[in-house]
Amino acid sequence: MSSVPGCPIITYKTSNQNTIVNLPGSGFVQDPTETSAGSGMFEVRPQDDTVDARYDFYVEVAAEGGNLIYSQ
Amino acid sequence: MTLIVGCTNDLTMTDAGTYSLSETLYVNDPVANIYTFVPPTITPTPPSYCPYYFTLVNLQLNGGVAVGNEIGFSSGCAGSPGCATLDLASSAVKEVLTFNIRATIGTSNQILDSSLITVNVVSCLDLNTINNGAGLVALTVWQIKNSDPDFPVDAFTNTDPRCPITSIEIFSDDTGTGTSPPSSMYPASIAVPNAAFNVYSSVQAVEFDYVFYIKVTGTENQVYWAELASSRIFTLRVVCGPLSTVLTEGSFSGGLTTVQYIDKMVGGAF
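Residues numbered from 1 in each chain as written. Chains lettered and ligands numbered in written order. Predicted model: local features only at pLDDT ≥ 70, side-chain atom pairs only at ≥ 80, totals over all residues. Heavy atoms only, no water.

A tally of helices and strands in chain B yields one helix and 21 strands. Computed over its C-alpha atoms, the radius of gyration of chain B comes to 36 Å, more than 25% above the 18 Å expected for a compact globule of 270 residues. Relative to all contacts within chain B whose residues are 6 or more apart in sequence, the contacts with residues 24 or more apart total 67%. When the accessible surface of chain B is totalled, it reaches about 14300 Å², and 55% of it is carbon and sulfur. (Helix = DSSP H or I, 4+ residues; strand = E, 2+ residues; numbered from the N terminus. Rg over C-alpha atoms; globule rule 2.2 N^0.38 Å. Contact = heavy atoms within 4.5 Å. Areas by Shrake-Rupley, 256 points an atom, 1.4 Å probe, with all protein chains shown as cover.)

Take a look at the structure:
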């Protein structure tokens, strides 16, 4: 992903849909977090890693100014 | 039988009545040949040794005493007794001159004064008003893209066509002593001051409010600071918009794929 200096990416969110951000009531993954500040690498963890489960999810990336993209 | 010797009262003059009683000039207008008088008719036609000539009488400046050299016959009139074209000494300041033109025939005591003639030098500072264009706005919001942020300005207008706008400048304040153009903005002055124009920021991709003032100068250095709703501040607001950032999905690295496995209770992550 690329962004102009003044309009950076501002949020990463997980969703179970790839058109809007939607979260099931429970039993899902957390929003992505950067592995270390400034690394540009993000990781997604389950809300509860004590249960056996499969999570199908998308990531919404939003930039300053309103542009959005969803992972496919 | 009658023998008339020299110039006598047998020659009579009649006012032509077709000359202009007022002439209006603007400050700094050319001063040569600003008025031409229509001479009276003389009957019978005077002999060549009785030429008529003109003098200015009752000259007043702004309703008071005149020095006398404020207006006079054009240099081209020298040696032409019937010439009645006038030059103004100066049009640098506004003034009102009133006078009569006196016609005299030769050496006779025949004189005829014209009606009172007024020469009015007027100033754009009194007559002209500079106005905003109808489309002028105080704030333009620009969404960042691959071109310089742009604040369009509608053309300024003025009420007197004899007093055109001569320059437009962009300042960082409204004292006229601030930076021109303001930092990261251009141009400092507008090439065609009587047309619509644009003010730009040279920084494309940073959110910022560029504040500037517009100084419009007219004839005779008439200054108008553009103003809307009692404010002289104009703002070019550069913001991020939906098209400012190009987002594309990247690819996984390090052998990772869209399906990943982690064990329970070890702090693993996708």
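From this point, things continue past the structure.
This model, assessed by the stated rule, comprises four disulfides over all chains. Between Cys 7 of chain A and Cys 240 of chain B runs a disulfide, and the two sulfur atoms are separated by 2.1 Å. One quick way to see it: the torsion about the S-S bond of Cys 7 of chain A and Cys 240 of chain B is about -100°, and its sign makes the bridge left-handed. Taken as a pair, Cys 7 of chain A in the segment before β1 (9-15) and Cys 240 of chain B in the segment after β21 (234-239) lie in two separate chains rather than in one. The two residues Cys 7 of chain A and Cys 240 of chain B agree in class, both being buried. The side chain of Cys 7 of chain B participates in a disulfide bridge whose partner is Cys 50 of chain B; the two sulfur atoms lie 1.9 Å from each other. With the S-S bond torsion at -105°, the cross-link from Cys 7 of chain B to Cys 50 of chain B turns out left-handed. One end of the pair, Cys 7 of chain B, is in the segment before β1 (12-14); the other, Cys 50 of chain B, is in the loop between β4 (41-43) and β5 (52-61), with 43 residues separating them in the sequence. Take Cys 7 of chain B and Cys 50 of chain B: they sit in the same class, and that class is buried. (Disulfide = S-S within 2.5 Å. Buried < 20%, exposed > 50% of the residue type's maximum accessible area, 1.4 Å probe, protein only.)

Before going further, it helps to spend a moment on the interface of chain A and chain B. Contact with chain A, which involves 30 residues of that partner, is made by 23 residues of chain B. Taking both sides of the interface into account, the surface hidden between chain A and chain B amounts to around 2000 Å²; carbon and sulfur atoms contribute 55%. Linking chain A with chain B are one salt bridge. For Asp 52 of chain A, the salt bridge identified is with Lys 264 of chain B, shortest N-O distance 3.0 Å. Taken together, chain A and chain B are joined by nine residue pairs in polar contact (both at pLDDT 80 or more). Those elements that provide at least two residues to the side of chain A that touches chain B are β3 (42-43), β4 (58-63) and β5 (68-70) of chain A. The element best represented in the side of chain A that touches chain B is β5 of chain A, accounting for three residues. Here the side of chain A that touches chain B is built from residues that sort into 16 nonpolar, nine polar and five charged. (Buried area = accessible area lost by both parts, 1.4 Å probe. Salt bridge = Lys/Arg side-chain N within 4 Å of Asp/Glu carboxyl O. Polar contact = N/O pair within 3.5 Å; in protein donor to acceptor, adjacent residues only side chain to side chain. Nonpolar A, V, L, I, M, F, W, Y, C, P; charged D, E, K, R; others polar.)

This part takes up the packing of aromatic side chains. Residue and element names in this part refer to chain B. Under the counting rule described, the total for this entry stands at 14 aromatic pairs over all chains. When the centroid spacing of 6.3 Å and the interplanar angle of 85° are considered together, the rings of Phe 151 and Phe 234 count as edge-to-face. With Phe 151 in strand β14 (residues 150-153) and Phe 234 in strand β21, this residue pair connects regions lying 83 residues apart in the sequence. Assessed through its relative accessible area of 0%, Phe 151 is described here as buried. Given a relative accessible area of 0%, Phe 234 falls into the buried group. Both rings, one in Phe 252 and one in Phe 270, keep their centres 5.8 Å apart while their planes meet at 70°; by these two values the pair is edge-to-face. Here Phe 270 lies in the segment after β21 and Phe 252 lies in the segment after β21, a separation of 18 residues in the sequence. (Phe/Tyr/Trp six-rings, centres within 6.5 Å; stacked < 30°, edge-to-face > 60°.)

This part takes up the pattern of salt bridges. Residue and element names in this part refer to chain B. Under the counting rule described, the total for this entry stands at nine salt bridges over all chains. With a closest N to O distance of 3.3 Å, Asp 174 and Arg 232 form a salt bridge. You can see Asp 174 sitting in the loop between β16 (165-171) and β17 (185-186) and its partner Arg 232 sitting in the loop between β20 (222-225) and β21, a full 58 residues away along the chain. What makes Arg 232 partly exposed here is its relative accessible area of 29%. Here Asp 209 ties to Arg 237 by a salt bridge, and the two come within 2.9 Å at their closest N and O atoms. Here Arg 237 lies in strand β21 and Asp 209 lies in strand β19 (residues 208-218), a separation of 28 residues in the sequence. Among the charged side chains, a salt-bridge network with shared partners connects Asp 174, Glu 227 and Arg 232.

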